[in-house]
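# Topology and contacts: notes
Residue-level listing of the chains:
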Amino acid sequence: MHKITISTKIFYFRKLPLHQLLDLMEDNDIKENATVYLLPPEEQNIETDEDSDRSDDEHEGDINHLGQRLMKTVCELQTPESDWESEDDLPLSSFLENKTNYKKTNWVDEQLNTNLVTTCEDIVPPDELSCLSNPIDFFNLFFDDNVINNIVTETNKYSSQNNSALNVTRDEILTFLGGLMLSGYAKYPNKRLYWSKQCDVPTILSENIRLKRFESILRNLHLNDNTNYNSNDKLYKLRPLIDSLNKNFKKYGGMDENLSIDESMIPYYGKHHAKQFIKGKPIRFGFKCWAICTSNGYMIAFYIYTGKNEASPYREFGLGGEVVLELLNLAEVPPQKGFKIFFDNYFTSVKLLRHLSDEGYCASGTVRQGRMDNCPLPDKKYWNKQKRGTAVFKTSKQVTIAQWKDNKVVSGASNYEAPATGYTNRWCRLAKAKVPMPQPLIFSNYNKGMGGVDKMDGLVAAYRTRMRQRKWWWPIFVYMFDVSVVNAWLLMRKIKPDLPCCANLLTFRRNLATALLTTYETKSTQGKVVAKPITSTRCDGRDHFVLYNQTERRCAYCKKKAKFICQKCQIGLHPKDCFINFHRM
């Protein structure tokens with residue numbers, strides 16, 4: 001701590017930058033003696049009380065020649081004659097957040113003492129799911145009657161508010177969802193191509209719902225009542241669906257021992273205050289979704305990030321810690337049951353791990369250099385001299401920190417892992433083969449348990465719904481829809497692994513789309529319109545024969561009724577001049 005004595009009146013200030021304090025003293029013509037105390041700027045590897053601002057080494061204590069960093073340092077002014085309160089005798093450092101705990105942390109080379117339960121029994125899905133055998137049954141667990149009926153009600157209400165009586169039914173909504181599901185694996189650049197009469201387009205969608213009806217439902221689809229809009233809820237338009245899915249995901253999915261927390265990006269390129277940009281990510285622009293998933297990718301709970309939450313009770317842990325604690329509460333993960341929570345260095349801090357230990361949760365994660373609570377780990381020069389596989393452990397109250405040299409030095413922290421080492425295989429250029437190499441258990445267990453959210457992202461991206469809409473909330477809706485399909489597949493594969501319809505996600509999605517489109521079909525009353533053959537087929541002169549037809553059709557050439565058709569073109573034609581002229585046009 002720097003100590004500078006200057007002439008002053010009886011004045012007392014706390015937590016002012018030095019340059020402001022000196023200006024204030026000069027403006028008030030202060031001339032009696034007092035002492036100004038300054039905290040040194042933070043720098044790495046500073047172990048003495050000397051000035052850390054190297055630009056001031058030759059002028060320490062001279063108020064006429066102070067460096068820029070020193071002039072901006074927070075300081076306090078004390079005089080013996082000041083009428084201080086009892087707390088004014090405390091140094092400035094006691095009023096800075098986290099400084100006391102930061103300096104008093106005691107790191108030692110000992111075993112970790114913890115009372116956490118590390119043995120775990122998985123929470124299995126409910127027994128009544130064993131009687132389900134079809135993809136549509138598992139999908140209806142998440143998009144249940146409450147969700148579908150709410151969509152029907154709010155869609156009809158929204159259409160009536162816009163002077164358009166849509167009168168959509170439950171079956172039409174389910175058929176509409178089947179069409180969305182079809183677009184995930186049968187991809188076309190324009191949705192109207194699904195109603196094309198050409199033979200290169202699947203007809204299952206056009207046969208079960210009319211184009212204009214589908215577009216009307218897409219245009220008027222709504223999830224919440226606009227007349228009761230809550231301006232404090234930035235996701236009001238999606239709130240009923242978000243709450244229902246969070247409830248159903250944790251109700252039916254069960255819970256595995258290893259749970260991972262991470263972010264998921266929902267692609268969106270429009271204008272919205274909640275849109276995020278993350279450089280270097282596969283999806284750079286979009287909405288950020290925080291999620292907790294099992295190790296196989298099943299999503300238990302999620303919430304969409306819409307900005308800083310001032311009312312959160314976990315603000316002291318930073319955004320990362322706040323997300324972890326919010327998701328644990330949302331997913332209702334039971335404490336002291338041995339469930340392991342994994343997250344990356346965006347979330348991890350020593351303070352968070354200690355809090356999770358007090359709450360009864362086992363947690364591990366990689367950790368950044370500035371969040372290790374002043375842990376005395378080796379510097380870069382030490383690690384440059386070490387060979388691959390070297391590890392260093394430090395333990396403190398409830399937390400173990402490990403540094404390990406792989407291709408580069410990585411740091412990890414845990415509130416339940418002992419400072420122990422196992423082995424992993426790494427490629428050796430000299431031996432030209434994989435050889436065993438020491439690896440701390442913190443990292444080996446982290447690699448096994450982390451990655452559930454990334455698996456979910458990969459499964460959603462494989463067959464992402466292609467139908468688009470101009471509403472800002474539409475990308476979030478189709479994301480939650482796709483997540484529900486993936487969760488239904490993972491749940492069915494866990495309960496009925498031998499059924500062929502859940503062999504892979506594509507097979508499951510195709511079966512589900514077919515079931516929705518054919519079970520809840522709303523066929524058009526218009527007769528079937530046969531597409532005219534393309535010119536190259538019509539005029540190729542091969543296999544065109546006249547056949548008698550039981551029903552009359554409109555002649556494609558003269559437009560009169562005819563009881564004959566072309567065997568290859570499958571259109572009505574009179575057998576004489578019309579047949580010849582049509583195939584020569």
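Residues numbered from 1 in each chain as written. Predicted model: local features only at pLDDT ≥ 70, side-chain atom pairs only at ≥ 80, totals over all residues. Heavy atoms only, no water.

## Quick notes on the overall build of the protein chain
- Across its full length, the protein chain carries 18 helices and 17 strands.
- Across the 585 residues of the protein chain, 46% fall into the buried class.
- In the protein chain, of all internal contacts separated by at least 6 residues, the share reaching a separation of at least 24 is 64%.
- Accessible surface, the protein chain: about 31,300 Å² in total, of which carbon and sulfur atoms supply 47%. (Helix = DSSP H or I, 4+ residues; strand = E, 2+ residues; numbered from the N terminus. Buried < 20%, exposed > 50% of the residue type's maximum accessible area, 1.4 Å probe, protein only. Contact = heavy atoms within 4.5 Å. Areas by Shrake-Rupley, 256 points an atom, 1.4 Å probe, with all protein chains shown as cover.)

## Comments concerning the packing of aromatic side chains
- Applying the stated rule across the entire model yields 25 aromatic pairs.
- Both rings, one in Phe-142 and one in Phe-249, keep their centres 5.2 Å apart while their planes meet at 75°; by these two values the pair is edge-to-face. Within this pair, whereas Phe-142 is found in helix H4 (residues 135-142), its partner Phe-249 is found in helix H9 (residues 239-252), the two being separated by 107 residues in sequence.
- For Phe-249, a relative accessible area of 1% translates into the label buried.
- Aromatic side chains Tyr-268 and Phe-287 sit 4.8 Å apart centroid to centroid with 25° between the ring planes, which places their arrangement in the stacked category. Pair noted here: Tyr-268 is in the loop between strand E5 (258-267) and strand E6 (276-277) and Phe-287 is in strand E7 (residues 285-294), with a separation of 19 residues, a long-range link. As far as the burial class goes, Tyr-268 and Phe-287 line up, both buried.
- Taking the ring centre of Tyr-416 as reference, the NZ or CZ of Lys-340 above it sits at 5.9 Å.
- Here the guanidinium or amino end of Lys-351 rests over the ring plane of Phe-317, the centre of that ring lying 5.6 Å away. (Phe/Tyr/Trp six-rings, centres within 6.5 Å; stacked < 30°, edge-to-face > 60°. Lys NZ or Arg CZ within 6 Å of the ring centre and 35° of its normal.)

## Details of helix H8 (residues 211-220)
- Across the 10 residues that make up H8, a large majority, 7, are buried.
- Among the residues of H8, Arg-213, Phe-214, Glu-215, Ser-216, Ile-217, Leu-218 and Asn-220 are the ones counted as buried.
- Where H8 is buried, its residues touch helix H5 (145-161), helix H6 (170-185) and helix H15 (474-495).

## A closer look at the pattern of salt bridges
- Here the structure, examined in full by the defined rule, presents 18 salt bridges.
- Between Arg-170 and Asp-145 there is a salt bridge, and its shortest N-O distance comes to 2.9 Å. Residue Arg-170 is found in helix H6, and its partner Asp-145 is found in helix H5; the two are separated by 25 residues along the sequence.
- The residue Asp-233 makes a salt bridge to Arg-239 at a minimum N-O spacing of 2.9 Å.
- On the accessibility criterion, Arg-239 (25% relative accessible area) is partly exposed.
- Each of Glu-154, Lys-157 and Asp-225 takes part in one network of salt bridges that share partners. (Salt bridge = Lys/Arg side-chain N within 4 Å of Asp/Glu carboxyl O.)

## Notes on the confidence of the model for the protein chain
- Considering every residue of the protein chain, the mean pLDDT works out to 83; 82% of them sit at 70 or more.
- Taken element by element, the protein chain is modelled with least confidence in strand E1 (residues 2-7), mean pLDDT 43, and with most confidence in H15, mean pLDDT 96.
- Across residues 95-103, confidence stays below pLDDT 50; counting only partners more than four residues off in sequence or on other chains, it has 14 contacts. (pLDDT = per-residue confidence, 0-100.)

## Observations regarding unusual backbone geometry
- You will see that Asn-167, though not glycine, has its phi angle at about 55°, which is positive.
- On the secondary structure map, Asn-167 appears in the loop between H5 and H6.
- Even without a glycine there, the phi angle at Gln-336 is positive, about 55°.
- Gln-336 gets classed as partly exposed once you look at its relative accessible area, which sits at 35%.

## Some words on the environment of Tyr-194
- Take Tyr-194: it is sitting in the loop between H6 and helix H7 (204-208).
- Relative accessible area serves as the criterion here: at 1%, Tyr-194 is assigned to the buried category.
- In the structure, Tyr-194 is positioned 11 residues away from Ser-183 in sequence and 9.0 Å away in space, judged by C-alpha atoms.
- A distance of 2.3 Å separates the side chain of Tyr-194 from the backbone oxygen of Ala-186, its partner in a polar contact. (Polar contact = N/O pair within 3.5 Å; in protein donor to acceptor, adjacent residues only side chain to side chain.)

## A few points about the nonpolar core
- In terms of nonpolar packing, the biggest core is built from 117 residues, with Leu-177, Ile-292, Phe-302, Val-333, Phe-343 and Phe-477 touching the most fellow members.
- Dropping the residues within four chain positions of it, Phe-302 is found in contact with Ile-242, Leu-245, Asn-246, Phe-249, Cys-289, Trp-290, Ala-291, Leu-327, Leu-330 and Met-480.
- One finds Ala-556, Ile-571, Phe-579 and Phe-582 within the second-largest nonpolar core, a separate group that totals 10 residues. (Core = buried A, V, L, I, M, F, W, Y, C linked by side-chain atoms within 4.5 Å.)

## Concerning the environment of Phe-343
- Summarising the element assignment, Phe-343 is placed in strand E9 (residues 340-343).
- Along the primary structure Phe-343 and Val-324 are separated by 19 residues, whereas in three dimensions their C-alpha atoms are 8.4 Å apart.
- The contact partners of Phe-343, leaving out residues within four places of it in the chain, are Ile-261, Val-324, Thr-348, Leu-352, Leu-353, Leu-356, Ala-363, Ser-364, Gly-365, Thr-366, Tyr-446 and Met-450.

## Remarks on the side chain of Thr-366
- Locating Thr-366 in the fold gives a position in strand E10 (residues 362-366).
- Of note is the side chain of Thr-366, whose polar atom sits 3.0 Å from the backbone nitrogen of Asn-345.
- Discounting residues that sit within four places of it in the chain, Thr-366 has contacts with Phe-343, Asp-344, Asn-345, Thr-348, Ser-411, Gly-412 and Tyr-446.

## Observations regarding the pairing of E7
- Within E7, 9 of the 10 residues are buried, which leaves the element mostly enclosed by the surrounding structure.
- Taken together, the 9 bridges between E5 and E7 define a ladder with antiparallel strand orientation. Along E7, the bridge assignment pairs Leu-259 with Thr-294.
- Where E6 meets E7, 2 bridges bridge the pair, whose relative direction is antiparallel. From the neighbouring strand, Gln-276 faces E7, where its bridge partner is Gly-286.
- Between the end of E7 and the start of strand E8 (residues 299-304), which pair antiparallel, lie 4 residues, with Gly-297 showing a positive phi angle near 105°. (Pairing = 2+ DSSP bridges.)

## Remarks on helix H14 (residues 452-462)
- Looking at H14, one finds that the buried residues are Gly-452, Val-453, Met-456 and Val-460. Buried residues of H14, viewed axially, fall in a sector of 100°; they line one side.
- Looking at the buried residues of H14, the elements they touch are E5, E7, E8 and H15. (Arc of directions from axis to C-beta.)

## What to know about the packing of H4 against helix H16 (residues 505-519)
- Look at H4 against H16: their axes get within 9 Å of each other, and the N-to-C directions meet at 85°. Considered as vectors, H4 and H16 are oriented roughly perpendicular to each other. On the side of H4, the interface is formed by Pro-135, Ile-136 and Phe-139, while H16 contributes Phe-508, Asn-511, Leu-512, Ala-515 and Leu-516.
- Residues that form the contact of H4 with H16 fall into these classes: 7 nonpolar, 1 polar and no charged. (Axes fitted to C-alpha atoms, helices over the stretch in contact; angles between N-to-C directions. Parallel < 35°, antiparallel > 145°, perpendicular 65-115°, else oblique. Nonpolar A, V, L, I, M, F, W, Y, C, P; charged D, E, K, R; others polar.)

## Details of the environment of Ser-130
- Within the secondary structure layout, Ser-130 lies in the loop between helix H3 (99-104) and H4.
- C-alpha separation for the pair Ser-130 and Met-492, spaced 362 residues apart in sequence, amounts to 9.3 Å.
- Here Asp-127 takes part through its backbone oxygen, which lies 2.8 Å from a polar atom of the side chain of Ser-130.

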